[in-house]
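# Per-entry structural report
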Amino acid sequence: MGGAQLARAALDAARAAGRTYTTKPGGPKPRQAGDGQSPKRRRWSSAGPDPRDPQPLGRLVSRMVADRGWDRATAEARVLGDWPSLVGPEIASKSRPVQLKDGELTLQAESTAWATQLRLLSTKILGLLSSEIGPNVVRKIRVHGPAAPSWKRGPISVRGRGPRDTYG
């Protein structure tokens, strides 16, 4: 008798005996055909949400952040990382956040004119940030103008003013 025929004969014998599986001696009673499932095993998810259902990743991450007390750190990181969507494309193209420390946000402006404009818009920017990421994450804004150009040229330079008598 071949393997497939042997398996078929064993299945037919089990069906004839009325059992769906066999157990070891001293184990649980075998389930008889027509018994249905035991009440403990007959648990399924309904149409509504269930803790056993797969959870969206964002919800799980939000729960983990809240459980570990990282709310403030993630809000501060969002200010630095998500700057264009928080303040809009025009302001974001003319400025960039440099540092957020103890509720004070330091911005680097593209030009001195934009530094002045950002100082005038600082209360509006604070309102936008407070509505998007929560109150008291950013309490003050400090604006710096563009960095001064470096006059250092070449691999060697002199500290201080250096020799300035070349015109003479």
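Everything that follows concerns the structure shown earlier in this document.
All of the points below concern the structure found in this document.

Thresholds applied
- Residues numbered from 1 in each chain as written.
- Predicted model: local features only at pLDDT ≥ 70, side-chain atom pairs only at ≥ 80, totals over all residues.
- Heavy atoms only, no water.
- Helix = DSSP H or I, 4+ residues; strand = E, 2+ residues; numbered from the N terminus.
- Polar contact = N/O pair within 3.5 Å; in protein donor to acceptor, adjacent residues only side chain to side chain.
- Salt bridge = Lys/Arg side-chain N within 4 Å of Asp/Glu carboxyl O.
- Buried < 20%, exposed > 50% of the residue type's maximum accessible area, 1.4 Å probe, protein only.
- Pairing = 2+ DSSP bridges.
- Axes fitted to C-alpha atoms, helices over the stretch in contact; angles between N-to-C directions.
- Contact = heavy atoms within 4.5 Å.

This part is about the environment of Ser 122. Among the secondary structure elements, Ser 122 is positioned in helix 7 (residues 122-133). Residues Ser 122 and Arg 142 lie 20 residues apart in sequence; the distance between their C-alpha atoms is 8.6 Å. Among the polar contacts made by the side chain of Ser 122, one reaches the main-chain carbonyl oxygen of Arg 119 at a distance of 3.0 Å.

Here we come to the pattern of salt bridges. This model, assessed by the stated rule, comprises six salt bridges. A salt bridge links Arg 72 to Glu 76; its shortest N-O distance comes to 3.5 Å. Pair noted here: Arg 72 and Glu 76 are both in helix 3 (residues 71-81), with a separation of four residues, about one helical turn. Taking the relative accessible area as the measure of exposure, Glu 76 reaches 23% and is therefore partly exposed. Linking Glu 104 and Arg 142 is a salt bridge whose minimum nitrogen-to-oxygen distance equals 3.2 Å. Residue Glu 104 is found in strand 2 (residues 104-109), and its partner Arg 142 is found in strand 3 (residues 140-144); the two are separated by 38 residues along the sequence. Residue classification places Glu 104 among the partly exposed residues on the basis of a relative accessible area of 21%. Note on Arg 142: relative accessible area 38%, which makes it partly exposed.

Where strand 1 (residues 95-101) and strand 2 come together, six bridges link them in antiparallel fashion. Of the residues in strand 2, the one forming a bridge with Ser 95 is Ala 109. The loop that links strand 1 with its antiparallel partner strand 2 comprises two residues; one of these, Asp 102, has a positive phi angle of about 55°. Note that strand 2 and strand 3 share five bridges and pair parallel. Counterpart to Glu 104 in the pairing with strand 3 is Lys 140.

Turning our eyes to something else, we now look at the sheet that holds strand 1. Within the open sheet, the three strands sit side by side as 1-2-3. Their pairing is mixed. Two strands close off the open sheet at either side, each with one partner strand: strand 1 and strand 3. In this sheet, adjacent strand axes meet at a mean angle of 25° when their direction is disregarded. Packed onto the sheet, helix 6 (residues 112-120) meets strand 1, strand 2 and strand 3 and runs at close to 170° relative to strand 3.

Tracing the sequence through the fold places Ser 95 in strand 1. The buried category is assigned to Ser 95, whose relative accessible area is 5%. One polar contact links Ser 95 to Trp 83, side chain to side chain, over a distance of 3.4 Å. A polar atom in the side chain of Ser 95 sits 2.8 Å from the backbone oxygen of Ile 91. Apart from the residues lying within four places of it in its own chain, the contact partners of Ser 95 are Trp 83, Gln 108, Ala 109 and Leu 118.

Next up on the list: the environment of Thr 112. One can find Thr 112 in helix 6. Distance in space between the C-alpha atoms of Thr 112 and Val 143 is 9.9 Å, their sequence separation being 31 residues.

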